[in-house]
Every structure is written in C-alpha cells, then in structure tokens.
Amino acid sequence: MNSNQINTLSVKLLRTGLSASEQAQHDAWLQESPENLALWTEEHRLNQLLTELPIAPLSSNFTSQVVQQVRREQRPVHQSKGGGWIDSVRRIWFRPLAATATLGMVAFLVYRQQSHLQQKALVESMKLVSGITTAPSIELLTDFEAIRRLGTPNSEPDLTLLAVLQ
Amino acid sequence: MAGVVDPDAALMTRVKQGDMEAFAELVEKYKQNVANMIFRTLPDATEAEDLTQVVFIQVWKSAERYRVEAKFSTWLFTIARNLCLNEIRRRNRHPADSLDAATGEREDQPGRQFTDFREVSPPDLLLRNELQAKVQEVLQALPENQRTALLLFKEEEMSYEAISEVLGCSLSATKSLIHRARETLKDKLKPYLNTGEWP
C-alpha cells in the first residue's frame, strides 16, 4: 500500500469507518509492515477522540424560540408593509405634492391679482369712455322715427339727426 | 439527476414564501449540527446556543437570496461560519465583552451535555472529561479555516467540494486544510495518542 492509499484510508476512517474490503486491505498492510501499527493506532485514537466530542447543549424548546423570535422581528416589517402605501406616499410624494401645491397657490394668486388689475383697468377705461360719450337726450329717445334711424346703417350722413343731436 | 428535488431546497422554497412550518422543520433538522459547529469554536454553551439562534434567524431573513440549485447545508454552514467569524472579530476588538465565564447557563435550559458514561467508573469519567476538554482546547487553537474544514468533513460529512464552497477556497486547499488540521491535532495530542492515556 502506498502513502496515498494509506492517506485515503485514514481520511475514510476519520469519517465513515472502513468497509470490509478496506479493513482487509488495511489488516494485510499492517501484517506486511507492523512498524506502521503505531501510526495507525494514532489515527484510530484521534478519530475516536473527535467522535466523542460533547454535543452542544440546546434548550428543549429551541425551535419554538427561534420561530417566536422570527415572528417578533417580522411584525414591524409586516406592519410597515400594511401601511406601506401611506408611507410611500409620505416619503416619495410628499415633497413633489407640497411643491406643486405651493406653485399652484402662487399661480392662483398671480392670476387673481392680474384679473383684478385687468378689471380695474377696464373700469377706468369705461369711466373714460362714459365721460366722452353722452347719452342721447330724452326727447330723442321718445322720437320713434329718430330711434329707427339710429339702428339703420346708412352711408350718407343723416343731417337731420346730426342737427337734432347737436 | 433530473426530477430529483433536494428536500431541503423544497423546504427553502416554501420558506421563501413565508411558510413558518417549513422553516421550523429546517431548524429542527439542522439545529444540532449548527450548534455543534459553533460550540467547537465558542465553547460557551449559552453563547453557542444564542449564536445558533442568530444563524437561523439570518436564514429566515436571507431566504430571498437562497438559490434553489445550491445545496441548503452548504448555504447554511456558510452563514454559520460567517457569523462565527464576526463573533471572533468582535471578541478580538472587545475582549472584555467575552462571556467566557461559562457559568451563565440559563435556568430554562439543560446543562452541558456529555456522552453518557454511566457505565464508566468515576475516575475514568473524570479522565475522559479532561481528555475531551483537552481535545476541545486543541481544536479551538487551530486556525479557524482548518478547524471549520475538519469539523465539516468529520461531523457534517460534507464533500470536499461543499467544504471548499463554504470556505471560499479551492478543492486542493480544502484537502490541505483538513490534512494540516489532522496533523496539528496528532501533534498536540501525541502523549495521549501514543499511549492511550493522558499523562
């Protein structure tokens, strides 16, 4: 048996033990070279020591403790999952929404101010116009013929009407 | 081998979907193996149990990242090893925090468990316990990667390929680690291994 084979047997011994054929091979090897007996005994004892190492003590309810712990740690995650859409609205949309609302408010105020100014200007111009244009006299408005002529488009100047208006 | 589904991978698929029963099944199946591995590194029973719990909680939290084609035990022991390494680093940074005074065993848990030696006479039992303590000590003194490689090989019966995956090294490096671990153990335990008795 070469050193490779011996090593293979040592490794097998360390883990699963030897099969019948391997044991026979090993016995034959030891008979051929009894000086290796000490070496093999060492291997055997080392294996024995490692096999007899104490097992780690665990609580009888270890599994349920782990499951409980996982459930405890999971709860806040689930809670945040439950209110996830509120959180995401808060976290992701709050700023854009606030900015849009502010912008909208400013735009509305500007628009209101503009329309207020426009109305004011309109009133001013109407006041101006009303100052220039005088309404026809009461006598004219009672004259049916004159009213009829006022609504009739005519290329020629109505001298009578002009005279009346003056 | 098409059609053959690793039962652990099937359980992990359910765990990914939030199945607590499947998770409990995995914990039940692997708790002792993980605890043993941690206990050989941090030989304080309470700390080993706590860290084992952390390992499984991490399994639950990382379930999303588990790939079904990967062997579950390899993934599990990678997590266990990483947490052990973190703990060792933490201890090195804050040696005072170490809970090595192993007196803190909780009331609600059984005491340290040893092989049942009721048929062994008290002096022999004492010697055997001493010997176990010595082996534990020598094992602990091994470099972390040698110890983990040896334990995964011996106690978990993992393949060289799986061990190399856990350790993140090549196949030949894994074989070499196991070999060196054995040689160191033989060297340190020589007095016993030669005579069968601890001097």
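Residues numbered from 1 in each chain as written. Chains lettered and ligands numbered in written order. Predicted model: local features only at pLDDT ≥ 70, side-chain atom pairs only at ≥ 80, totals over all residues. Heavy atoms only, no water.

(A) Layout of the interface of chain A and chain B. Listed as interface residues are 33 residues of chain A and, on the opposing side, 53 residues of chain B. Taking both partners together, chain A and chain B bury about 4200 Å²; carbon and sulfur atoms supply 62% of that area. If you look at where chain A meets chain B, you find four salt bridges. Note that B:Lys186 and A:Glu43 form a salt bridge whose closest N and O atoms lie 2.4 Å from each other. Inspection of the region where chain A meets chain B yields 14 residue pairs in polar contact (both at pLDDT 80 or more). Those elements that provide at least two residues to the side of chain A that touches chain B are helix H1 (3-15), helix H3 (37-51) and helix H4 (62-82) of chain A. Counting residues per element, the side of chain A that touches chain B draws most heavily on H4(A), which supplies ten residues. Taken together, the residues that form the side of chain A that touches chain B break down as 15 nonpolar, eleven polar and seven charged. (Contact = heavy atoms within 4.5 Å. Buried area = accessible area lost by both parts, 1.4 Å probe. Salt bridge = Lys/Arg side-chain N within 4 Å of Asp/Glu carboxyl O. Polar contact = N/O pair within 3.5 Å; in protein donor to acceptor, adjacent residues only side chain to side chain. Helix = DSSP H or I, 4+ residues; strand = E, 2+ residues; numbered from the N terminus. Nonpolar A, V, L, I, M, F, W, Y, C, P; charged D, E, K, R; others polar.)

(B) How the structure looks around the packing of aromatic side chains. All names here are of chain B. One pass over the structure, following the stated rule, counts eight aromatic pairs over all chains. Taking the centre distance of 5.2 Å and the plane angle of 65° together, the rings of Phe 23 and Trp 60 count as edge-to-face. Note that Phe 23 is positioned in helix H2 (residues 20-41) and Trp 60 in helix H3 (residues 45-61), a separation of 37 residues in sequence. Comparing Phe 23 with Trp 60, the two get one shared label, buried. Ring-pair connections join several aromatic residues into one group, and the members of that group are Tyr 30, Tyr 66, Phe 72 and Trp 75. (Phe/Tyr/Trp six-rings, centres within 6.5 Å; stacked < 30°, edge-to-face > 60°. Buried < 20%, exposed > 50% of the residue type's maximum accessible area, 1.4 Å probe, protein only.)

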